[in-house]
Amino acid sequence: MFRGLLRAVPALLLTAAAAFTVVPAAAAAPAAALLTAAAADPSAPGTQAVAYTDVTVSASGRSFSARVWYPGTTAGANAPVAAGAHPGLAFGHGFFQDISKYESLLRHYASWGFITVTPKSQGGLFPSHSDFADDLNASLTWLTAQNATAGSRFAGTVDTARLGLSGHSMGGGAALLAASRSTAVKSVSTLAAAETNPSAVTASGTLGIPAQYVGGSQDGIAGVADNQQKMYDAKSAPTQLRVITGGFHCGFVDSWGIGCDSGSITRAAQQKLTQGVTTAYLLYTLGGDTSYYDQVWGSAARNLAGVVYSAKP
């Protein structure tokens, strides 16, 4: 996570960046795959085989490489997409992070029936947060177009009424910027979302869709008080803040990097909690599965061991 870089160059990054509604949709029927897995623990893998493909996204005047994780008829590269119409996500990586750092989380989402586009753009030392937000929205525009394109791998497999955004750190902040610019996005979930330029805090205050902020109590890079708490405070209902006790910034990625922080729980424990709370939230807000209400807004959410819960339902 290059903690030293993040602390040494925030002003430079911001200067470089400057240079350059509602309740969950319930009308559409939930995807069959999501209904099948509804009774299962969302922190455990879902029932779908996990597949992926590498693509070039060209949409909305943007063009960049990306990997797409999705439920397949079989596991592995370039498998056909599983039958049904699946909710779509775009996921933004953290500062100076390769998308491979998030493979366990993205595989988890695919196993639960989500199609997730992960842009490889804005990976250098001087990323544009605004451009990254536009890339995330372009990913969803591209996925929507692929759904309607005969012969596309994703033709007829995307529920275009159920599109969401997610991301970690810089990518979480960019996801909030993207959500504020799009009417197609129905929900956003973020991990250790960091303040951006333009401001993700300000963007949060404009959102009418459900928003989830997940953070770690021992995050030494994008701490809760100066980042996710401010975003949550700015956001009107429906929204929630889930703080993992002992969680840390690098605990949301699959491996350590130079300058990483640490916490009092293991990476495996943090990732299991993260997968559980975010998957339940996405199944409810995008999958349309109301059986997850208690785990998102009810007593199960309030009493989940290891996670401090704040919410405006």
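It should be emphasised that the depicted structure is a prediction, and the values quoted were computed from it without experimental measurement.

Student: Help me get a handle on helix H9 (residues 267-285), residues and values and all.
Tutor: Here H9 is 19 residues long and its end C-alpha atoms lie 26 Å apart, about the 27 Å a rise of 1.5 Å per residue gives. For H9, the tally of buried residues reaches 15 of 19 residues, placing the bulk of the element in the interior.

Student: Which residues make up the environment of Ala193, and what are the values?
Tutor: By secondary structure assignment, the location of Ala193 is in the loop between strand S7 (185-191) and helix H7 (200-205). Residues within four places of Ala193 in sequence aside, it is in contact with Ser169, Gly172, Gly173, Leu176, Ala222, Asn227, Gln228 and Met231.

Student: I'd love a proper account of the environment of Gly223, names of residues and values included.
Tutor: Relative to the elements of secondary structure, Gly223 occurs in the loop between strand S8 (211-216) and helix H8 (228-234). Given a relative accessible area of 22%, Gly223 falls into the partly exposed group. A sequence separation of 30 residues divides Gly223 from Ala193, and the C-alpha atoms of the two residues are 9.0 Å apart.

Student: Describe the sheet that holds strand S3 (residues 76-77), listing the residues and the values that go with them.
Tutor: Backbone hydrogen bonds hold the strands of a sheet together, and the pairing may be parallel or antiparallel. A sheet is described by the order of its strands in space; here 10 strands give the open sequence S3-S1-S2-S5-S4-S6-S7-S8-S9-S10, paired in mixed fashion. Each edge of the open sheet is held by one strand with a lone partner, namely S3 and strand S10 (307-312). Direction of pairing for strand S1 (residues 49-59) relative to S3: parallel, over a ladder of two bridges. Paired with Tyr52 across the bridge in S3 is Ala77. Of the strands in this sheet, S1, strand S2 (62-72), strand S4 (86-92), strand S5 (115-119) and S7 are in contact with helix H4 (residues 103-111), which crosses S2 at around 55°. Taken strand by strand, H9 contacts S4, S7, S8, strand S9 (239-244) and S10, and its axis lies near 170° from that of S7.

Student: So what about the pairing of S1? Which residues, and what values?
Tutor: With 11 bridges joining them, S1 and S2 adopt antiparallel strand pairing. Residue pairing across strands places Val57 opposite Phe64, the latter belonging to S2. Where S1 folds back onto S2 in an antiparallel hairpin, the turn is made up of two residues, including Ser60, whose phi is positive at roughly 55°.

Student: If you had to explain the state of the cysteines to someone new, which residues and values would you point to?
Tutor: Two cysteines form a disulfide when their sulfur atoms are joined by a covalent bond. Taken as a whole and judged by the stated rule, the model has one disulfide. Bridging Cys250 to Cys260, the disulfide has an S-S length of 2.1 Å. Between Cys250 and Cys260 the sulfur-sulfur dihedral comes to about -95°; the bridge is accordingly left-handed. With Cys250 in the loop between S9 and H9 and Cys260 in the loop between S9 and H9, this pair connects stretches of sequence that are 10 residues apart. Taking relative accessible area as the criterion, Cys250 reaches 0% and is therefore assigned buried. Classification of Cys260 by relative accessible area gives buried; the value is 17%.

The rules behind each value
- Residues numbered from 1 in each chain as written.
- Predicted model: local features only at pLDDT ≥ 70, side-chain atom pairs only at ≥ 80, totals over all residues.
- Heavy atoms only, no water.
- Helix = DSSP H or I, 4+ residues; strand = E, 2+ residues; numbered from the N terminus.
- Expected span 1.5 Å × (residues − 1).
- Buried < 20%, exposed > 50% of the residue type's maximum accessible area, 1.4 Å probe, protein only.
- Contact = heavy atoms within 4.5 Å.
- Pairing = 2+ DSSP bridges.
- Axes fitted to C-alpha atoms, helices over the stretch in contact; angles between N-to-C directions.
- Disulfide = S-S within 2.5 Å.

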